[in-house]
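Coordinate analysis (summary)
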Amino acid sequence: MQPRNSRLNSSALRGAVDLAAVKAAGEAAQKAEQARAERARQAAAAEAAGVAPAQSAAYRLVIDVTEDDFEAEVVQRSTEVPVVIDFWAEWCGPCKQLSPILEGLAEEYAGQFVLAKIDVDANPLIAQQFGIQGIPAVMAVVAGQLVPLFQGAESAANIRKVLDQLILVAEQRFGISGGAVAPGEAPAAAPQRPEDPALSAAHDALDAGDLGGAIQAYRNVLTEQPGNTEAKLGLAQAELLQRTEGLDLQAVRAAAAADPKNVEVQLQAADLDLVGGHVEDAFGRLVDTVGRTFGEDRDTARLRLLELFEVIGAEDPRVVAARTALARVLF
């Protein structure tokens, strides 16, 4: 079971930031169509066997998930449709208010997302790996990528806004659009996207650990296509890996703790925090550094924070929160 990033290609970021996300986004649409075709096959088989569509796996919009079937029901299914996870427990009063709202929205959205319900008491390992501190908590998995959504009870109107954003991100970034395929209905053909040889070469260099080559290749793409989002994200990721090569984690953290005003060592520590998966720590460290510095030092810390935002992605809630915190210390 791998509830966090499941397709990491870089050993330097194993279990932390998914540097394969850019390349995976281009492949996700094709995988989604393949998964949809398989769901259609399963639904047709269920109909032939006399199983009602609502009872078949292809038509379940609300599913109870355990540690045993998490990989199949959440991670694998997320290659086809966004999976929203409702962490709940029987003793939790707010959960009893929120869960029916989420279930109703799953029916209302008619397959644009699947709702996975996880009882934290019965599945403590999943709750631990997701870092659940309190319930109700709602997260999502899209193409194997974790997307925190919100914690606590919310109104249906507010949740719709969150879901609409999630569905938009899933389609635009990963090429995943939900929706059940009826038994016997042919799934839409996967779009054939021409491959950009220069961008493909950059991705391959990054996967191979040739950071210098990847950086130059991404820059070459951006020279010709300044607005290429994949190249911008890939460049930010490759530069992060290059900056952290050869750094000693313990030594850098000790130096950062001993000298909070040393901007260079704070930048190194933030880079290592991000590589280690401590995204909030990295952002918080740089926000604090911006708050305690002035002039060129402040601008250096601010720009590095913006670079790290590029690595994670503008739509990530942690980036949104850090932007707000940065605005507070700047203004």
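As the structure is a computational prediction, the values presented were derived from the model and not from experiment.

1. Details of the overall build of the chain
A tally of regular secondary structure across the chain gives 13 helices and five strands. Expressed as a percentage of its 331 residues, the buried residues of the chain come to 46%. At a minimum sequence separation of 6, the contacts of the chain that also span at least 24 residues come to 67%. In the structure as shown, the chain presents an accessible area of about 15700 Å², 51% of it carried by carbon and sulfur atoms.

2. Remarks on the environment of Gln-242
Here Gln-242 shows up in helix 8 (residues 229–244). Placed 30 residues apart in sequence, Gln-242 and Gly-212 show a C-alpha to C-alpha distance of 7.7 Å. Sequence-distant contacts of Gln-242, that is, excluding residues within four places in its chain, are made with Leu-211, Gly-212 and Ile-215.

3. Side note on the nonpolar core
The nonpolar side chains of a soluble globular protein tend to be buried with one another. Core analysis: the largest hydrophobic core is formed by 26 residues, its most contacted members being Phe-70, Val-74, Ile-85, Phe-87, Phe-130, Ile-132 and Ile-135. When contributions to this core are tallied by element, the ones reaching two or more residues are helix 2 (70–76), strand 2 (83–88), strand 3 (114–119), helix 4 (124–129) and strand 4 (137–142). With four residues, the top contributor of residues to this core is strand 2.

4. Section: the sheet that holds strand 5 (residues 145–151)
The five strands are arranged 1-3-2-4-5 in an open sheet whose pairing can be described as mixed. Two strands in the sheet have a free side with no partner beyond their single neighbour: strand 1 (62–64) and strand 5. Adjacent strand axes in the sheet meet at a mean angle of 25°, parallel and antiparallel pairs treated alike. Two strands pair when backbone bridges link them, and strand 4 and strand 5 are joined in this way by six bridges, in the antiparallel orientation. Opposite Ala-137, over in strand 5, you have Gln-151 as the bridge partner.

5. Comments concerning the packing of aromatic side chains
Between two aromatic rings, the relevant description is the distance of the centres plus the angle of the planes. Counted under the stated rule, the structure contains four aromatic pairs. Ring centres of Phe-70 and Phe-130 lie 5.8 Å apart, and the angle between their planes is 65°; on these two criteria the pair is classed as edge-to-face. Residue Phe-70 is found in helix 2, and its partner Phe-130 is found in the loop between helix 4 and strand 4; the two are separated by 60 residues along the sequence. Like Phe-70, the residue Phe-130 is buried in the burial classification. Among the aromatic side chains, those forming a connected cluster through ring pairs are Phe-70, Phe-87 and Phe-130.

6. Some points on the pattern of salt bridges
What the rule picks out here adds up to 13 salt bridges. Put simply, Arg-253 and Asp-273 hold a salt bridge, and the shortest N to O gap is 3.2 Å. Taken as a pair, Arg-253 in helix 9 (residues 249–258) and Asp-273 in helix 10 (residues 263–275) lie far apart in primary sequence, 20 residues in all. The class of Arg-253 is partly exposed, set by a relative accessible area of 30%. A salt bridge links Asp-271 to Arg-304; its shortest N-O distance comes to 2.9 Å. Remark: Arg-304 occurs in helix 12 (residues 295–312) and Asp-271 occurs in helix 10; sequence separation between them is 33 residues. Take Asp-271: its relative accessible area is 2%, and that puts it in the buried class. Exposure remark for Arg-304: the relative accessible area of 14% places this residue in the buried category.

7. With respect to the packing of helix 10 against helix 11 (residues 279–292)
Helices that pack against each other are described as a pair by the angle of their axes relative to one another and the distance between those axes. In contact at an axis separation of 7 Å, helix 10 and helix 11 are set at 160° when each is read in the N-to-C sense. If you check the angle between helix 10 and helix 11, you find them roughly antiparallel. As for how helix 10 packs across helix 11, the hand of that crossing is left-handed. Within the contact between the two elements, helix 10 uses Val-263, Gln-266, Leu-267, Ala-269, Ala-270, Asp-273 and Leu-274 and helix 11 uses Val-279, Asp-281, Ala-282, Phe-283, Arg-285, Leu-286 and Thr-289. Residue composition of the contact of helix 10 with helix 11, by class: nine nonpolar, two polar and three charged.

8. Let's talk about the state of the cysteines
The tally for this structure, following the rule as stated, stands at one disulfide. Shown here is the disulfide that connects Cys-92 with Cys-95, its sulfur atoms set 2.4 Å apart. Taking the sign of the S-S torsion, 80° for the link of Cys-92 and Cys-95, the bridge is right-handed. Neither Cys-92 nor Cys-95 differs from the other in exposure class; each is buried.

About the criteria used
- Residues numbered from 1 in each chain as written.
- Predicted model: local features only at pLDDT ≥ 70, side-chain atom pairs only at ≥ 80, totals over all residues.
- Heavy atoms only, no water.
- Helix = DSSP H or I, 4+ residues; strand = E, 2+ residues; numbered from the N terminus.
- Buried < 20%, exposed > 50% of the residue type's maximum accessible area, 1.4 Å probe, protein only.
- Contact = heavy atoms within 4.5 Å.
- Areas by Shrake-Rupley, 256 points an atom, 1.4 Å probe, with all protein chains shown as cover.
- Core = buried A, V, L, I, M, F, W, Y, C linked by side-chain atoms within 4.5 Å.
- Pairing = 2+ DSSP bridges.
- Axes fitted to C-alpha atoms, helices over the stretch in contact; angles between N-to-C directions.
- Phe/Tyr/Trp six-rings, centres within 6.5 Å; stacked < 30°, edge-to-face > 60°.
- Salt bridge = Lys/Arg side-chain N within 4 Å of Asp/Glu carboxyl O.
- Parallel < 35°, antiparallel > 145°, perpendicular 65-115°, else oblique.
- Left-handed = near helix turned anticlockwise from the far one by under 90°.
- Nonpolar A, V, L, I, M, F, W, Y, C, P; charged D, E, K, R; others polar.
- Disulfide = S-S within 2.5 Å.

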